[in-house]
Amino acid sequence: MSGLLIAGTSSDAGKSLITTGLCRSLHRRGLAVAPFKAQNMSNNSMVCPDGSEIGRAQYLQAQAARVEATSAMNPVLLKPGTDRRSFIVLRGEPAGTLEAGEYATGRTRLAEAAFAAYAELAAGYDVVLCEGAGSPAEINLRAGDYVNFGLARRFDMPVVLCGDIDRGGVLAAIFGTWAIVDDADRSLLAGYLINKFRGDQSVLDPGLDELTRRTGLPCHGVLPWLPEVWLDSEDALAFARWPRLAGASGTLRVAAIRFPRVSNATDLDALAAEPGIRVTVTASAADVLEADLVVLPGTRSTLADLAWLRERGLANALATRARQGRPVLGICGGYQMLAAMIDDPVESARGPEPGLGLLPARVRFGADKVLGRPQGSWRGHDVEAYEIHHGVVQADGGEPFLDGIRHGSVWGTIWHGTFENDDFRRAWLSEVAAASGSSWTPTPGALGFRERRERMLDGLADAIEQHLEVDALLGLIR
């Protein structure tokens, strides 16, 4: 057996969801499964046990397949720095930049690395479940493609299209994809799936029958809307799912600032999943002033997003909170912004620039990236985390806090993923609630975050088995 490519009619059509669910489903059938995405464009990333960096989506898929994540599962990760430049992570390590003008034609070395990684996985696993990127119908990018049909053609791999019916126009999107690609690519299309369906399927079936008649592609299933499922998103769309995790109400209000270049927004998933916590994303100074807790998440461009923060009046609102003794937390890039001074000679020629000055610290950026899986503790609670950063923070005082510092009501840590540690999260939130005057307390017997995620993955696999033709999909794999 070898590989199957799940492509989508658009971004966020359900490729990650289908791939993740199939990883758990096929694992439960006794198959050794590896996820694969040749190229991911995302500022949400994770550090593997071997110290390499990959996209969060592929890391979660490896968890679904119950295998150890490696750089081969996401050999090329592009991290957008500006609208016209991305930073390349190749086999888990920094590898320069990719300019917008190079995207269509300047990726030959990336393609070869991706093909080699796929071959490595195919030699070690029963099945490699590949996730495409964007849409395979982007014919303007076809010549340099190695993620969609470029990958499928290289390894003679069947392709199944996934369409999001919740967006509207899914039948046209699937038909249009089939129609616009060339004959050689079209010959690899082996069927389609419908995602996020709500309603009576008998109303949809005539359209599916006609779509199959016109294209010759079988429908391999219709997956319903799954409100209890959340995934480690590739981009800022992660924000959209937070209200679904813990419900619309909460006695502890958390405002997360939505930076233009936000990274690792997944840090807040465990907060949003905690009963009684209401996480909202905002760029409003009024929201910053009203919340019980404000979080500055990570960012790929600390100085640029700090300038944006000031332009929006958010810096003044944060300073007001600090004077009032109301809690503020900065994570990684958000922590760097809270420092007194920031020196980034790598991306700025202006020299050292003032930070928000809410923590007694200085930041110096270097060319080398720090990747790690640190462990620590806070007030007797063990904490496992990961770190991904170029900026090194030098504290000039304050109380130590998870390789960062606390000064008054302002906290900062360079570590990601700390809130996935249940005991720490609940203890820290209890202190925040007391400081903010909130009545929130931990709910006795509430599920831990990792347990909740495991139940979510099993529930997704149950839905995959019930609504998709898993046997037929397996039968496609050569």
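For the structure, see preceding data.
Calculation notes
Residues numbered from 1 in each chain as written. Predicted model: local features only at pLDDT ≥ 70, side-chain atom pairs only at ≥ 80, totals over all residues. Heavy atoms only, no water. Helix = DSSP H or I, 4+ residues; strand = E, 2+ residues; numbered from the N terminus. Rg over C-alpha atoms; globule rule 2.2 N^0.38 Å. Contact = heavy atoms within 4.5 Å. Areas by Shrake-Rupley, 256 points an atom, 1.4 Å probe, with all protein chains shown as cover. Lys, Arg positive; Asp, Glu negative; His and termini not counted. Charge placed at Lys NZ, Arg CZ, Asp CG, Glu CD. Buried < 20%, exposed > 50% of the residue type's maximum accessible area, 1.4 Å probe, protein only. Phe/Tyr/Trp six-rings, centres within 6.5 Å; stacked < 30°, edge-to-face > 60°. Salt bridge = Lys/Arg side-chain N within 4 Å of Asp/Glu carboxyl O. Pairing = 2+ DSSP bridges. Expected span 1.5 Å × (residues − 1). Axes fitted to C-alpha atoms, helices over the stretch in contact; angles between N-to-C directions. Parallel < 35°, antiparallel > 145°, perpendicular 65-115°, else oblique. Nonpolar A, V, L, I, M, F, W, Y, C, P; charged D, E, K, R; others polar. Right-handed = clockwise from strand over helix to strand, strands pointing away. Core = buried A, V, L, I, M, F, W, Y, C linked by side-chain atoms within 4.5 Å.

### Quick notes on the overall build of the chain
- Per the secondary structure count, the chain includes 16 helices and 27 strands.
- In terms of C-alpha radius of gyration, the chain reaches 23 Å, essentially the compact-globule figure of 23 Å for 478 residues.
- For the C-alpha atoms alone, the extent of the chain along its principal axes is close to 65 × 50 × 40 Å.
- Taking the intrachain contacts of the chain between residues at least 6 apart in sequence as the baseline, contacts between residues at least 24 apart amount to 74%.
- Just so you have it, the chain exposes about 18,100 Å², and 50% of that area is on carbon and sulfur atoms.
- Computing the positive centroid from 48 side-chain charges and the negative centroid from 58, the chain places the two 3 Å apart.

### Some details on the environment of G124
- Within the secondary structure layout, G124 lies in helix α3 (residues 108–124).
- Exposure remark for G124: the relative accessible area of 54% places this residue in the exposed category.
- For the pair G124 and A34, spaced 90 residues apart in the sequence, the C-alpha separation amounts to 8.8 Å.

### Looking at the packing of aromatic side chains
- Summed over the entire model, instances satisfying the criterion amount to 15 aromatic pairs.
- With 5.7 Å between their ring centres and 90 degrees between their planes, W378 and F424 make a pair best called edge-to-face. Placement of the pair is W378 in strand β22 (residues 375–378) and F424 in helix α14 (residues 422–436), with a sequence separation of 46 residues. Just as W378 is buried, F424 falls in that class too.
- Ring centres of F401 and F424 lie 6.3 Å apart, and the angle between their planes is 40 degrees; this geometry places the pair in the tilted category.

### Looking at helix α11 (residues 302–311)
- For α11, the complete set of buried residues consists of T302, L303, D305, L306, W308 and L309.
- In the stretch just after α11, G313 is the one whose phi turns positive, near 80 degrees.

### Describing unusual backbone geometry
- For R66, which is not a glycine, the phi torsion comes out positive at approximately 55 degrees.
- Examined against the element boundaries, R66 turns out to sit in the loop between α2 (56–65) and β6 (76–82).
- Residue class for R66 comes out partly exposed when judged on its relative accessible area of 47%.
- Non-glycine residue N264 carries a positive phi angle of around 50 degrees.
- Considering the arrangement of structural elements, one finds N264 in the loop between β14 (262–263) and α9 (269–272).

### A short note on the pattern of salt bridges
- Applying the stated criterion across every chain yields a total of 35 salt bridges.
- Residue R379 pairs with E431 through a salt bridge whose shortest N-O separation is 2.2 Å. Residue R379 is found in the loop between β22 and β23 (381–384), and its partner E431 is found in helix α14; the two are separated by 52 residues along the sequence.
- The exposure class assigned to E431 is partly exposed, which follows from its relative accessible area of 23%.
- Taken together, the shared-partner salt bridges connect R24, R28, R66, E454, D458 and D462 into one network.

### Some words on the sheet that holds strand β21 (residues 361–372)
- The four strands are arranged β20-β19-β21-β24 in an open sheet whose pairing can be described as mixed. Since the sheet does not close on itself, it has two edges, and those belong to β20 (353–354) and β24 (387–395), each with one partner.
- Note: strand β19 (residues 341–343) against β21, three bridges, orientation parallel. Bridge assignment links D343 to a residue of β21, and that residue is R364.

### Side note on helix α1 (residues 15–28)
- In this model, α1 (14 residues) spans 20 Å end to end at C-alpha, consistent with the 20 Å of a helix rising 1.5 Å per residue.
- Among the 14 residues of α1, twelve are classified as buried, and the element is accordingly described as predominantly covered.
- Every buried residue of α1 is accounted for by K15, S16, L17, I18, T19, T20, G21, L22, C23, R24, S25 and L26.
- G30, located one to two residues past α1, shows a positive phi value of around 90 degrees.

### A look at the packing of α11 against helix α12 (residues 314–324)
- Contact geometry for α11 and α12: axes closest at 5 Å, N-to-C directions at 80 degrees. One element, α11, and the other, α12, form an angle in the roughly perpendicular class. Residue-level contacts link W308, L309 and R310 of α11 to L314, A315 and L318 of α12.
- Of the residues in the contact of α11 with α12, the class split is five nonpolar, no polar and one charged.

### Section: the pairing of strand β12 (residues 219–224)
- Summarising the sheet, strand β11 (residues 189–197) and β12 pair through three bridges and their orientation is parallel. Bridge pairing links Y192 to C219 in β12.
- Regarding topology, helix α7 (residues 201–215) serves as the crossover connection from β11 to the parallel β12, and that connection is right-handed.

### Looking at the pairing of β23
- Relative to β23, β22 is paired through four bridges, and the arrangement is antiparallel. Counterpart to W378 in the pairing with β23 is H381.
- With antiparallel pairing between neighbouring strands as the criterion, β22 and β23 make up a hairpin whose turn holds two residues, including R379 at a positive phi of roughly 50 degrees.

### What to know about the nonpolar core
- Residues I18, I257, L296, L309, L318, L356 and W428 are the most contacted members of the largest nonpolar core, which totals 93 residues.
- Of all the elements, helix α15 (residues 449–467) adds the most residues to this core, at six residues.
- Contacts of L296, omitting those with residues within four sequence positions, involve I257, F259, L318, V328, L329, G330, I331, G334, M337, L338 and L356.

### Brief notes about the sheet that holds β11
- Judged by pairing direction, the sheet is parallel, and its six strands sit side by side in the order β2-β9-β1-β10-β11-β12 without closing on themselves. Here the strands that pair on one side only, and so sit at the sheet edges, are β2 (33–36) and β12. Sheet twist, expressed as the mean angle between neighbouring strand axes with direction ignored, is 20 degrees.
- Two elements, strand β1 (residues 3–8) and strand β10 (residues 159–164), share four bridges in a ladder whose sense is parallel. Counterpart to G8 in the pairing with β10 is C162.
- Strand contacts of α7: β11 and β12, with the helix running at about 160 degrees to β11, the strand carrying the most contacts.

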